[in-house]
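Residue strings, one per chain:
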Amino acid sequence: MGRGAASSSSSSFESSSYPSVSGESSFPQRKRDLSTDLRLGLSISTSQQDNPSTPSEQLMDWPPSKPVPRKALDSEENEYCSSTLFVKVYMEGIQIGRKLNLLAHDGYHDLIQTLDQMFNTNILWPEMDVENSAHCHVLTYEDKEGDWLIVGDVPWEMFLPSVRRLKITRADSL
Amino acid sequence: MNYFPDEVLEHIFDFVTSQRDRNSVSQVCKPWYKIESSSRQKVFVGNCYAISPERVIERFPGLKSITLKGKPHFADFNLVPPDWGGFVYPWIEAFARNNLGLEELKLKRMIISDECLELISRSFANFKSLVLVSCEGFSTDGLAAIASNCSFLRELDLQENDVEDHRGHWLSCFPDTCTSLVSLNFACLKGDVNLAALERLVARSPNLRSLRLNHAVPLDILQKILMRAPHLVDLGVGSYVHDPDSETYNKLVTALQKCKSVRSLSGFLEAAPQCLSAFHLICPNLTSLNLSYAPGIHGTELRKLIRHCRKLQRLWILDCIGDEGLEVVASTCKDLQEIRVFPSDPFVGNAAVTEVGLVALSSGCPKLHSILYFCQQMTNAALITVAKNRPNFTRFRLCILDPTKPDAVTNQPLDEGFGAIVHSCKGLRRLSMSGRLTDKVFLYIGMYAEQLEMISIAFAGDTDKGMQYLLNGCKKLRKLEIRDCPFGNAALLMDVGKYETMRSLWMSSCNVTLGGCKSLAKKMPMLNVEIINETDQMDISADDRQKAEKMFLYRTLAGRRKDAPEFVWTL
């Protein structure tokens, strides 16, 4: 374990027992000899040499935190998306739909941006200027009860558990 | 004071509640000792092997409430074999035999059997409170006995115990006449519970203020329970399922709107973040939040939640909150006193927090005095800044996931950083360190850490001097635990009298030898020097030059313990 005094001999000792250090030289044999020499020369007791194969990544019982059931950890995809909520999205007039992970979005604004890009359109949103409403679309969703509603009326957090799928319809067809 | 009759003195002593103060009172003079001892109701025994139950009963015949601690702290991290000891049965048996009116029992790191729980339930008619922390040896059958027989039970609090779960029926054992429950915590139970029985129990417990559920209690039951217990102050949410239907969710929101008293929130075992916003309603009043069992709550959802918690005093979370999340904490939680950041994935270096989060907390939270911080890396500069920002730390525990990692920027040992902490934080009582550390840090600690009572050290130091500086300097040291440090017999034997002023010393994977330990045991008969021998290679007559892989010593008035298993030798 690398706790020797900060001297050059200890650093080479470390590099021989920590495989991750970039001393992966083309002379593995020489490295082995070096570590043997050091092991003979150092006055570190035998018990610390008991586990020469224990690399730093596999320290026993470290870190000192109590084992806790962490079931959900395995299903993580990435740091910001521990679970997913994929819903189907259809645009009026197009038979083939897309799928979108709602949980990867911060809120309605984020969602609209993604959909705008995905379907190459402008989805109407209350704050927007309604100049060319003929060419705009409106976002609707089907909720758990089977009703179709305009997206954006309820807080994002209440929207998420109730949405089943999305539909982008032409603004003038409403 | 000599002219006051005993009853008056006793009445005055009633106002002295802290254990330490009562100990001081009892040492003033003989009459005070007698009165204090006969009137003390609450007793704290920090090491169950330091004194025999008979002696405690003899001194405190009025004992009603006792706290007992068993295994050494490092048992939490698998360093102590399970049968090492800490059996509570002899204590309960002695209390029962002497007809003590025991009402409260709190155990930490002890072994308690079902038979023992049954004995408690049958022997003490007024038994009111059972708190078990990090204990083992019992099953839900023992809990059933407590539920069935303790008619005036107010508190059943199970924290992080290893309980053999025989499923559900113990909850149904609370009789219909039991309406006295104030606190019920079964979050650590792994099995199912009888949900109908739980609902009925909550319905007939008007004084219930603290309820912590296990993972087997789903959202729709939670909502029903909350409707029946709107006066809850402390809530531990059980399972927080992925995809509740909107009706249940809405009912939950309604129920939470009624819970205006909740100040402490925990649980979220198996949590998914979708419905977290329902809890935004109670966040503004929260003083305590524990999300350390909820790896599914992080990133934006977590930050959003935190932003609502302006009154938070205590926060326990996982390191997937990230430095960014900690900055949100620092800017939102101005009343924060204690924070614990636990590792979410001990073996991976991606997520986690760094010195950035720590500095943010130290600068943003003026009342912060207690921290446990598992992090990816640290720097001296950060620690020095933290020390300057926050001289009011009383507990400072830092754990770097790579335990010998030096300063992440300069590659120097972290001596200066920790030195700054102990120098600046004059009231520091507890310290844990990690990272690359030389003897120098111990010199600083010995010089400056005058109030230090407990210190945990791992993979630190170069020579015996390190430990010597520590033992020499820290006058108030009570508990010292060391693992994987190059300290040997010279350090161990430098000041043997010191150990009688301390509760205990743990040393594992250090350089002390069997001979050194034997020598210490010989010089100090009032200490139990135990060697935990887990390999077959050693036996007691072995070469004294062999390393003592694990040594645990403690002062005691009870002599060597009779319940030590084979692999534990008391020298």
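Residues numbered from 1 in each chain as written. Chains lettered and ligands numbered in written order. Predicted model: local features only at pLDDT ≥ 70, side-chain atom pairs only at ≥ 80, totals over all residues. Heavy atoms only, no water.

**Quick notes on the overall build of chain A**
At step 1: Counting secondary structure elements, chain A contains four helices and five strands.
At step 2: For chain A, the N- to C-terminal ordering of α and β elements is α-α-β-β-α-β-β-α-β.
At step 3: A burial count over chain A gives 34% of its 174 residues as buried.
At step 4: Put simply, 44% of the contacts in chain A that link residues at least 6 apart link residues at least 24 apart.
At step 5: Surface summary for chain A: the accessible area is close to 10,900 Å², and the carbon and sulfur share equals 50%. (Helix = DSSP H or I, 4+ residues; strand = E, 2+ residues; numbered from the N terminus. Buried < 20%, exposed > 50% of the residue type's maximum accessible area, 1.4 Å probe, protein only. Contact = heavy atoms within 4.5 Å. Areas by Shrake-Rupley, 256 points an atom, 1.4 Å probe, with all protein chains shown as cover.)

**Thoughts on the overall build of chain B**
At step 1: Across its full length, chain B carries 19 helices and 23 strands.
At step 2: Relative to a compact globule of 571 residues, whose C-alpha radius of gyration would be 25 Å, chain B shows 25 Å and is just as compact.
At step 3: Expressed as lengths along the three principal axes of its C-alpha atoms, the size of chain B is roughly 70 × 60 × 60 Å.
At step 4: Each of the 571 residues in chain B was classed as buried or not, and the buried ones make up 60%. (Rg over C-alpha atoms; globule rule 2.2 N^0.38 Å.)

**Some points on the side chain of T394(B)**
Residues and elements named next belong to chain B.
At step 1: Tracing the backbone through its elements, the reader meets T394 in the loop between α14 (380–389) and β16 (395–400).
At step 2: A relative accessible area of 14% places T394 in the buried class.
At step 3: The contacts of T394, once residues within four sequence positions are left out, are H369, G427, L428, R429 and R430.

**Examining the pattern of salt bridges**
All names here are of chain B.
At step 1: Going through the model one piece at a time under the given rule, you end up with 26 salt bridges over all chains.
At step 2: Salt-bridge contacts for R97 lead to E54; the nearest nitrogen and oxygen are separated by 3.5 Å. Taken as a pair, R97 in helix α5 (residues 89–97) and E54 in helix α4 (residues 53–59) lie far apart in primary sequence, 43 residues in all.
At step 3: Classification of E54 as partly exposed rests on a relative accessible area of 39%.
At step 4: Between D176 and R204 there is a salt bridge, with its nearest N and O atoms 4.0 Å apart. With D176 in the loop between β7 (162–164) and β8 (183–185) and R204 in the loop between α8 (195–203) and β9 (210–212), this residue pair connects regions lying 28 residues apart in the sequence.
At step 5: The class for D176 is exposed, based on a relative accessible area of 64%.
At step 6: Each member of the salt-bridge network shares a partner with another, and the members are R22, E36, R40 and R59. (Salt bridge = Lys/Arg side-chain N within 4 Å of Asp/Glu carboxyl O.)

**Some points on the packing of helix α11 (residues 299–307) of chain B against helix α12 (residues 322–332) of chain B**
Helix-helix packing is characterised by the crossing angle of the two axes and by the distance between the axes.
All names here are of chain B.
At step 1: Look at α11 against α12: their axes get within 9 Å of each other, and the N-to-C directions meet at 5 degrees. Taken as axis vectors, α11 and α12 run roughly parallel relative to one another. Facing R303, I306 and R307 of α11, the residues of α12 in contact are E324, G325, V328, V329 and T332.
At step 2: Across the contact of α11 with α12, the residue classes break down as three nonpolar, two polar and three charged. (Axes fitted to C-alpha atoms, helices over the stretch in contact; angles between N-to-C directions. Parallel < 35°, antiparallel > 145°, perpendicular 65-115°, else oblique. Nonpolar A, V, L, I, M, F, W, Y, C, P; charged D, E, K, R; others polar.)

**Remarks on the packing of aromatic side chains**
At step 1: Summed over all chains, the structure comprises 22 aromatic pairs over all chains.
At step 2: Between W506(B) and F552(B), the ring centres sit 6.1 Å apart and the planes meet at 50 degrees, which makes this aromatic pair tilted. Taken together, the positions of W506(B) in strand β20 (residues 504–508) and F552(B) in strand β22 (residues 550–555) put the pair 46 residues apart, joining distant regions of the chain. For the pair W506(B) and F552(B), one class covers both residues: buried.
At step 3: Aromatic rings pair up to connect Y49(B), F74(B), F77(B), W84(B), W506(B), F552(B) and Y554(B) into one cluster.
At step 4: Directly above the aromatic system of W148(A) lies the positively charged group of K167(A), at a separation of 5.9 Å from the ring centroid.
At step 5: It is R561(B) that lies over the ring of Y49(B); its NZ or CZ is 4.5 Å from the centre. (Phe/Tyr/Trp six-rings, centres within 6.5 Å; stacked < 30°, edge-to-face > 60°. Lys NZ or Arg CZ within 6 Å of the ring centre and 35° of its normal.)

**Here we look at unusual backbone geometry**
Residues and elements named next belong to chain B.
At step 1: A positive phi angle is found at R109, which is not glycine, with a value near 55 degrees.
At step 2: Relative to the helices and strands, R109 resides in the loop between β3 (104–108) and α6 (114–123).
At step 3: Taking the relative accessible area as the measure of exposure, R109 reaches 10% and is therefore buried.
At step 4: Its identity as a non-glycine residue notwithstanding, E160 has a phi of 55 degrees, on the positive side.

**Quick notes on a nonpolar patch on the surface**
Residues and elements named next belong to chain B.
At step 1: Together, F4, V8 and I12 line one region of the surface with nonpolar side chains, adding up to about 220 Å² of accessible area.
At step 2: Here I12 shows up in helix α1 (residues 6–13).
At step 3: Of the residues examined, I12 reaches a relative accessible area of 32% and is grouped as partly exposed. (Patch = residues over 30% accessible without salt bridge, like charges linked within 9 Å, V, L, I, M, F, W, Y side chains within 5 Å.)

**Digging into the packing of α5(B) against α6(B)**
All names here are of chain B.
At step 1: Between α5 and α6, the least distance of the axes is 10 Å, while the angle of their chain directions is 20 degrees. Taken together, the axis directions place α5 and α6 in an arrangement best described as roughly parallel. Two packed elements cross with a definite hand, and for α5 against α6 that hand is left-handed. Contacts between α5 and α6 pair Y89, I92, E93 and A96 from the former with E115, C116, L119, I120 and S123 from the latter.
At step 2: Within the contact of α5 with α6, the residues separate by chemical class into six nonpolar, one polar and two charged. (Left-handed = near helix turned anticlockwise from the far one by under 90°.)

**Some details on the state of the cysteines**
Residues and elements named next belong to chain B.
At step 1: Enumeration according to the criterion identifies zero disulfides over all chains in this entry.
At step 2: Of all cysteine sulfurs in the structure, the one in C283 sits closest to C309, which takes part in no disulfide; the separation is 3.6 Å.
At step 3: Since its relative accessible area comes to 0%, C309 is described here as buried. (Disulfide = S-S within 2.5 Å.)

**Some words on the environment of G419(B)**
Residues and elements named next belong to chain B.
At step 1: Mapping G419 onto the fold places it in helix α15 (residues 415–424).
At step 2: Since its relative accessible area comes to 7%, G419 is described here as buried.
At step 3: In the structure, G419 is positioned 283 residues away from E136 in sequence and 39 Å away in space, judged by C-alpha atoms.
At step 4: Apart from the residues within four sequence positions on either side, G419 is in contact with V441 and Y444.

**Digging into the sheet that holds strand β3 (residues 137–143) of chain A**
Residue and element names in this part refer to chain A.
At step 1: Sheet architecture is open: five strands sit in the order β2-β1-β5-β3-β4, paired in mixed fashion. Each edge of the open sheet is held by one strand with a lone partner, namely β2 (98–101) and β4 (148–150). Direction aside, the axes of adjacent strands within the sheet are offset by 35 degrees on average.
At step 2: Looking at chain direction, strand β1 (residues 86–91) and strand β5 (residues 163–170) are connected through four bridges and run parallel. Its bridge partner lying in β5, K88 is registered against R165.
At step 3: In the packing of helix α3 (residues 108–119) onto the sheet, contacts are made with β1, β2, β3 and β5, and the angle to β2 comes to roughly 155 degrees. (Pairing = 2+ DSSP bridges.)

**What to know about the nonpolar core**
Side chains of a nonpolar character, in soluble globular proteins, are inclined to be buried together.
At step 1: By size, the foremost hydrophobic cluster in this structure holds 180 residues, and its most contacted members are I66(B), W170(B), F279(B), Y373(B), F396(B), I445(B) and L505(B).
At step 2: Those residues in contact with I445(B), other than ones at most four positions away along the chain, are V422(B), L431(B), M433(B), L452(B), I455(B), L470(B) and C474(B). (Core = buried A, V, L, I, M, F, W, Y, C linked by side-chain atoms within 4.5 Å.)

**A short note on the pairing of β3(B)**
Two faces make up the sheet, and in a regular strand the side chains alternate between them.
Residue and element names in this part refer to chain B.
At step 1: Only one face of β3 is covered, namely the one carrying L105 and L107; the face carrying E104, K106 and K108 has none of its residues buried.
At step 2: On the question of chirality, the crossover connecting strand β2 (residues 65–69) to the parallel β3 by way of α5 is right-handed.
At step 3: Alignment of β3 against strand β4 (residues 129–133), held across five bridges, turns out to be parallel. Bridge pairing in β4 links K108 to V133.
At step 4: Chirality of the crossover, the property in question, places the unit of β3, α6 and β4 among those that are right-handed. (Right-handed = clockwise from strand over helix to strand, strands pointing away.)

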